[in-house]
Amino acid sequence: MPDLAIVLPSVLNGLTTGALYALVALGLTLIYGVLHIINFAHGALLMLALYGVYFLNTVLGVDPYVALFIVPPVMFAIGYTLQRLVITKASHGRDENILLVTLGLAIIIENLALMGFKSDTRIIDTPYSFEVFEILGTFIPQPKVYAFIGAVVTAGLFWLVINKTDLGRAIRALAKEPKGARLVGINTNHVFAMSFGLGVACLGVAACLLLPTYYVSPPVGQGFVLVAFTIVVLGGMGSFVGALLGGLIIGVVEALGGLFLGESLGQIGIFVIFIVVLIFRPTGLLGHKV
């Protein structure tokens, strides 16, 4: 039997990492749940948010957690503008065009970042980067604990917005019956853009919580978005609670896979779960049939 003293730290670290994965997946879940499109630019926009947090810290001395009041609103504005002025106009209402547009945006953003920032890997140094909390006899880095709390709070806020506000009711109406939403006077272009903006703002939150223990480089978002797609499928398309639960599961699976199979094979379990879910429960853990 594996030693609990070895397994427990891996599980706890997996939960904190999974919370960050879930935070990235939350935005993807909202965008898919309303727009019914897969946003290939999600990883590139996460990278953009990470660079925003990095330069706020290195140039202006802004703490990543203080940047929570700056970066998410800016990312919301970027997401709203992209949806309203680029994606909608370039796609002409066709889903296949939207996929190509978001893929094109990802390529453009990543290559502009390579041109401007080179391929250097950059990190920041904060007073608490190497501070730890002792939880159940296990030492967990403080930023990972804060990220876990931040992910849970963000998921809760998203749930409140979707279920308790007029915007949320408009989003749900548009997600379920687009034609009916237009007939009752909902400004669908605005709601689409708000949904996309909120999904991208979620990446701003993720970037602020991620950077104290992670790095930033132009291709950094690619690995995250691949895992985020898996989480969205695992949790159920359009389910915020499912995205959070799926992220935590994926984080633990990755941590235990790395423990027993080695670092290079640690992510095998993620894609095994992805295939199994697609075969036996394609709607995901908390998804519903359309």
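Located above this text is the structure these notes cover.
J.: Explain the overall build of the protein chain here, please?
T.: Along the protein chain, the regular secondary structure elements total eleven helices and two strands. Along the protein chain, helices (α) and strands (β) appear in the sequence α-α-α-α-β-β-α-α-α-α-α-α-α when read from the amino end. What you see for the protein chain is a C-alpha radius of gyration of 19 Å, in line with the 19 Å of a compact globule of 290 residues. For the protein chain, the spread of C-alpha atoms along the three principal axes comes to 60 × 50 × 35 Å. Within the span of the protein chain, comprising 290 residues, buried residues form 48% of the whole. The long-range share in the protein chain, meaning contacts at least 24 apart out of those at least 6 apart in sequence, stands at 76%. Accessible area of the protein chain: about 14000 Å², with a carbon and sulfur share of 70%.

J.: Whenever I open this one, unusual backbone geometry confuses me. Can you help?
T.: For residues besides glycine, phi is generally negative; the peptide bonds are generally trans as well. In the Ramachandran plot, Lys118 falls in the positive-phi region, its phi being about 60° despite a non-glycine side chain. Mapped onto the fold, Lys118 is located in the loop between helix H4 (95–117) and strand S1 (132–135).

J.: Can you help me understand the environment of Gly27 in this one?
T.: When you line up the elements, Gly27 lands in helix H1 (residues 4–35). Placed 128 residues apart in sequence, Gly27 and Ala155 show a C-alpha to C-alpha distance of 9.9 Å. In this view, Gly27 contacts His42, Gly199 and Cys202; residues no more than four positions away in its chain are not counted.

J.: Help me understand the environment of Tyr215, please; the structure alone is not making it clear to me.
T.: Mapping Tyr215 onto the fold places it in the loop between helix H8 (188–210) and helix H9 (220–235). With 93 residues separating them along the chain, Tyr215 and Arg122 place their C-alpha atoms 5.5 Å apart. In contact with Tyr215, not counting residues within four places along its chain, are Leu50, Thr121, Arg122, Ile123 and Val220.

J.: When you look at the pairing of strand S2 (residues 138–141) in this model, what are you seeing that I'm missing?
T.: Regular strands place side chains that alternate from one sheet face to the opposite one. Side chains of S2 alternate between two faces, with Thr138 and Ile140 buried and Phe139 and Pro141 left unburied. Relative to S2, S1 runs antiparallel, the two being bridged by four bridges. If you follow Ile135 over to S2, its bridge partner there is Thr138.

J.: Would you explain the packing of aromatic side chains in this entry?
T.: Per the stated rule, a full pass over the model turns up twelve aromatic pairs. Here Phe55 and Phe117 contribute two aromatic rings whose centre-to-centre distance is 5.3 Å and whose plane-to-plane angle is 45°, an arrangement assigned as tilted. On the criterion of sequence distance, the pair formed by Phe55 in helix H2 (residues 42–60) and Phe117 in helix H4 is long-range, its members being 62 residues apart. Taking relative accessible area as the criterion, Phe117 reaches 24% and is therefore assigned partly exposed. Of the aromatic side chains, those joined through ring pairs into one cluster are Tyr21, Tyr214, Tyr215 and Phe224.

J.: For this particular structure, what's the right way to read the nonpolar core?
T.: In globular proteins that are soluble, nonpolar side chains generally tend to be buried together. Leu23, Leu45, Leu50 and Val71 are the most contacted members of the largest nonpolar core, which has 76 residues in total. For this core, the element with the highest residue contribution is H8, accounting for twelve residues. Contact partners of Leu50, with chain neighbours within four places excluded, come to Ala207, Leu210, Leu211, Tyr215, Val216 and Val220.

J.: Which parts of the structure should I look at to understand the pattern of salt bridges?
T.: As a working rule, side chains carrying opposite charge can pair if their charged atoms are close by. Tallied over the entire structure, the rule returns one salt bridge. Among the ionic pairs, Asp166 bridges to Arg169, the shortest N-O distance being 2.5 Å. Here Asp166 pairs with Arg169, and both are found in helix H6 (residues 166–176), just three residues apart, close to one helical turn. When its relative accessible area of 60% is taken as the criterion, Asp166 is described as exposed.

J.: Please explain the environment of Tyr54 as it appears in this structure.
T.: If you trace the backbone, Tyr54 turns up in helix H2. What makes Tyr54 buried here is its relative accessible area of 12%. For Tyr54 and Leu256, which are 202 residues apart along the polypeptide, the C-alpha to C-alpha distance reads 30 Å. Once you skip the residues sitting within four places of it in the chain, Tyr54 turns out to touch Arg122, Ile123, Ile124, Leu211 and Val216.

Parameters and conventions
- Residues numbered from 1 in each chain as written.
- Predicted model: local features only at pLDDT ≥ 70, side-chain atom pairs only at ≥ 80, totals over all residues.
- Heavy atoms only, no water.
- Helix = DSSP H or I, 4+ residues; strand = E, 2+ residues; numbered from the N terminus.
- Rg over C-alpha atoms; globule rule 2.2 N^0.38 Å.
- Buried < 20%, exposed > 50% of the residue type's maximum accessible area, 1.4 Å probe, protein only.
- Contact = heavy atoms within 4.5 Å.
- Areas by Shrake-Rupley, 256 points an atom, 1.4 Å probe, with all protein chains shown as cover.
- Pairing = 2+ DSSP bridges.
- Phe/Tyr/Trp six-rings, centres within 6.5 Å; stacked < 30°, edge-to-face > 60°.
- Core = buried A, V, L, I, M, F, W, Y, C linked by side-chain atoms within 4.5 Å.
- Salt bridge = Lys/Arg side-chain N within 4 Å of Asp/Glu carboxyl O.

Everything listed here is a matter of coordinates, which is why it stays silent on function.
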